[in-house]
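# Commentary on secondary and tertiary structure
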Amino acid sequence: MITHVSRRHILKQLGLAGTAALLSPPASAIFASTSKKARILIVGGGYGGVTTARYLKRHLPDAAITIIERNPIHVACPASNLVIAGWRPYITLFSHYDNLARLGIRIIHTSITSIDAARRLVELDSGEKLPFDRLVMAPGIQLDWNAIPGTENGRHQQLAHAWIAGHQTLLMQRMITSLPAGGTLIMTIPPSPYRCPPGPYERASLIASRLRITNPRAKILLIDGKKSFSKQRGFMAAWDELYPGMIEWISLEQEGPLDHIDISTQTVHTAFGRHRADVLNVIPPQRASQLAAANGLTDASGWCPVDTADFSSTLAPDIHVIGDACQAGPMPKSAFAANTQAKVCAAAISASMHDQPLTPTPLINHCYSLVSPQQAISITGIYLHDNEQHQLKTISLTESTRSDDRTAEANQTYQWYEHFRQDCFG
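These remarks concern the structure in this document. (Residues numbered from 1 in each chain as written. Predicted model: local features only at pLDDT ≥ 70, side-chain atom pairs only at ≥ 80, totals over all residues. Heavy atoms only, no water.)

## Observations regarding the sheet that holds strand β17 (residues 279-282)
Pairing between the strands of a sheet is mediated by backbone hydrogen bonds and can be parallel or antiparallel. Ordered by their spatial adjacency, four strands build an open sheet running β13-β12-β11-β17, and the pairing between neighbours is parallel. Only two strands of the sheet have a single neighbouring strand rather than two, namely β13 (247-250) and β17. Each neighbouring strand pair of the sheet contributes to a mean axis angle of 15 degrees, computed without reference to strand direction. Note that strand β12 (residues 219-224) and β13 share four bridges and pair parallel. Following the sheet pairing, isoleucine 223 is matched in β13 by isoleucine 250. Set on the sheet, helix α6 (residues 167-177) makes contact with β11 (184-189) and β17; between it and β17 the angle comes to about 150 degrees. Against the sheet, helix α7 (residues 199-214) engages β11, β12, β13 and β17, with an angle of about 170 degrees to β12. (Pairing = 2+ DSSP bridges. Helix = DSSP H or I, 4+ residues; strand = E, 2+ residues; numbered from the N terminus. Axes fitted to C-alpha atoms, helices over the stretch in contact; angles between N-to-C directions. Contact = heavy atoms within 4.5 Å.)

## Let's talk about the layout of surface pockets
Reported here for the second largest pocket is a volume of approximately 480 Å³. Lining the second largest pocket are 29 residues, with Pro197, Pro330, Met331, Pro332 and Lys333 positioned closest to its centre. Secondary-structure elements contributing two or more residues to the lining of the second largest pocket are β22 (326-327), β23 (363-372), β24 (375-386) and β25 (391-399). Ranked by residues supplied to the lining of the second largest pocket, first place goes to β24 with four residues. Across the lining of the second largest pocket, the residue classes break down as 17 nonpolar, nine polar and three charged. (1 Å grid on protein atoms, 1.4 Å probe; cavity = no way out; pocket = protein on both sides within 12 Å on 5 of 7 lines; lining within 4 Å. Points joined across faces, edges and corners; volume = space filled by probe spheres on them. Nonpolar A, V, L, I, M, F, W, Y, C, P; charged D, E, K, R; others polar.)

## A word on the packing of helix α11 (residues 335-353) against helix α12 (residues 406-425)
Following both chains from N to C, one finds α11 and α12 inclined at 35 degrees, their axes separated by 12 Å at the closest point. Handedness of the α11/α12 crossing: left-handed. Of α12, the residues touching α11 (which contributes Ala335, Phe336, Asn339 and Lys343) are Trp416, Phe420, Asp423 and Cys424. Of the residues assigned to the contact of α11 with α12, the class counts are five nonpolar, one polar and two charged. (Left-handed = near helix turned anticlockwise from the far one by under 90°.)

In structure tokens form, the structure reads like this:
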């Protein structure tokens, strides 16, 4: 574990413009332009995909780099909890692809029919087939509703999850507004791994900050599929201080796993209990996207195994998988992690194209969580690739302490978010 002094040093570097500087590959990993015009396809235009494209363009300016992304506008998951709680307008989640196109990166807004790894071809919905020398997959997640009895076979469409940003974000916002006076919001939280481990607890905090003003007798019940959670001490200390009696956390140890959900009565049944909601937010278990699974990139875990030295798939040659879809050992599934992995992946592809050795690069995940619009806590993890196990190992992991200034961390949160988006989308 690193000391608190070391953590403050890291936070200082990550502060205003440090995300790009600290996580950029070392100079030894950046080489001159190659005469070969490599064809690199990137599937997925989220934080991992666009960062890969931008950094590959730096390393390989002559390469033909194409992003395939179905949606013409990116809607962010980070900061979406602020929108759900009514603290920010929905439009603040939007990012556009114009700056990437100005760099000479081709953007195709369509879906993919299939991937032929052996022939190095990607087929689009239009029937067009794109050849590639390298393929970087950043396909994200799919929600596993079949894992929750009562929500399978399409019945989940009546529920709000808001775990993929977009119309679900607005649906969840409306549901919070409609919570009756003194009513109960129940949120179910899946077992690990899933996208953004601290996300549910930040959501509960920000919703509580709104309800404290508009509906102070309301209750928030968190039914968790785990025995503990990320930044637990920090969250619980903030809840006791800011929202006494409003947020109740029910762990796996208390009532056992989620048994089923009765959507008609909005009742959550655990192994040993039953709870009825006025507003129900069900966050289901997750796995890598259907696109990844359908093209042989997932294993029995439902996620994509990779060699974290370069994030190459262990199941398909010349394909890399980054972001939420991949198995990156202890590294959480976060936007920051996807951005970091993208930079390592881009440097590795560049090194490979130039027949150069890959310089080992520590990966960093720094995650802020707002406990109110004015206060935040954070966690910092540093990871390094283990050459023998071909996976990441944790070098250090530290969290905010009670002595940290939560108001200052909130200011850093907002500043980081804007610089992070610039680093990804330009």
